[in-house]
Amino acid sequence: GWLYISSDIAIWLAYFIIPVILIWFVRKRPEIPFLPVFWLFSAFIILCGATHILDALIFWWPSYRLSALVRFFTAVVSFTTVFALIRDLPKALTLRGPSALRKEKEMRMEKEEENNSLIKEVAQLRDILVEKEKRIEELTGSN
């Protein structure tokens, strides 16, 4: 019995900590895509943990109706999460990964360097043109 109880308490504790970490992550990165899925996962994990803590408590307090109710809500949230994943997975697959984003960043930096180089060339040509115009004015003005 104690192995069963201690295992359920350990599982409950892990199931409590995981959503705390997920919620902390989401609060630090509110622009994260598919935010509702994170909230559903958090609710799902909390409810799964609740079933384990209730199973541990049932040894001393026969709360079978409460346990059944928590399991029902766990099932509802579980299937809501499944449907959200099915809905969002095609959209998630279109997101670019880190390597594609790095490649795009490198390309943009190269373009920016090219643009800066072109701007410098144009400025140099403008300076040369201004000097030539001044020289022409000097030559035509003194005649």
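The structure we're discussing is the one just above.
(A) Quick peek at a negative patch on the surface. A cluster of like negative charges, contributed by Glu 106, Glu 110, Glu 112, Glu 113 and Glu 114, occupies part of the molecular surface. Position of Glu 113 among the secondary structure elements: in helix H4 (residues 98-142). The exposure class of Glu 113 is exposed, given its relative accessible area of 54%.

(B) Region of interest: the packing of helix H1 (residues 2-28) against helix H2 (residues 35-57). At a closest axis distance of 8 Å, the pairing of H1 and H2 adopts a crossing angle of 160 degrees. Viewed along their axes, H1 and H2 adopt a mutual orientation that is roughly antiparallel. For the element pair H1 and H2, the recorded crossing hand is left-handed. Split by residue class, the contact of H1 with H2 holds 22 nonpolar, three polar and two charged.

(C) Quick peek at the pattern of salt bridges. All chains considered together, the criterion is met by eight salt bridges. Salt-bridge contacts for Glu 31 lead to Arg 29; the nearest nitrogen and oxygen are separated by 3.0 Å. For Glu 31, a relative accessible area of 55% gives the class exposed. The structure contains a network of salt bridges with shared partners spanning Arg 87, Asp 88 and Lys 91.

(D) Spatial organisation of a nonpolar patch on the surface. A surface patch of nonpolar side chains, about 1200 Å² in accessible area, is lined by Trp 2, Tyr 4, Leu 57, Phe 59, Trp 60, Trp 61, Leu 66, Leu 69, Phe 72, Phe 73 and Val 76. The element contributing the most residues to the nonpolar patch is helix H3 (residues 64-93), with five residues. Here Leu 66 is to be found in helix H3.

(E) Spotlight on H3. Here H3 contains 30 residues, and its C-alpha end-to-end distance of 42 Å stays within 8% of the 44 Å for a straight helix at 1.5 Å per residue. For H3, the set of buried residues is Ser 67, Val 70, Thr 74, Val 77, Ser 78, Thr 81, Ala 84 and Asp 88. Packing partners of the buried residues in H3 comprise H2.

(F) Fine view of the nonpolar core. Grouped together as the largest cluster of nonpolar side chains are five residues: Leu 47, Ala 50, Leu 54, Val 70 and Val 77. Put simply, the parts of the chain that give this core at least two residues each are H2 and H3. The greatest single-element share of this core, amounting to three residues, is contributed by H2. Residues in contact with Leu 54, not counting those within four places in the same chain, are Ser 63, Leu 66, Ser 67 and Val 70.

About the thresholds
Residues numbered from 1 in each chain as written. Predicted model: local features only at pLDDT ≥ 70, side-chain atom pairs only at ≥ 80, totals over all residues. Heavy atoms only, no water. Patch = residues over 30% accessible without salt bridge, like charges linked within 9 Å, V, L, I, M, F, W, Y side chains within 5 Å. Areas by Shrake-Rupley, 256 points an atom, 1.4 Å probe, with all protein chains shown as cover. Salt bridge = Lys/Arg side-chain N within 4 Å of Asp/Glu carboxyl O. Lys, Arg positive; Asp, Glu negative; His and termini not counted. Charge placed at Lys NZ, Arg CZ, Asp CG, Glu CD. Helix = DSSP H or I, 4+ residues; strand = E, 2+ residues; numbered from the N terminus. Buried < 20%, exposed > 50% of the residue type's maximum accessible area, 1.4 Å probe, protein only. Axes fitted to C-alpha atoms, helices over the stretch in contact; angles between N-to-C directions. Parallel < 35°, antiparallel > 145°, perpendicular 65-115°, else oblique. Left-handed = near helix turned anticlockwise from the far one by under 90°. Nonpolar A, V, L, I, M, F, W, Y, C, P; charged D, E, K, R; others polar. Expected span 1.5 Å × (residues − 1). Contact = heavy atoms within 4.5 Å. Core = buried A, V, L, I, M, F, W, Y, C linked by side-chain atoms within 4.5 Å.

These figures come from the coordinates and say nothing about function on their own.
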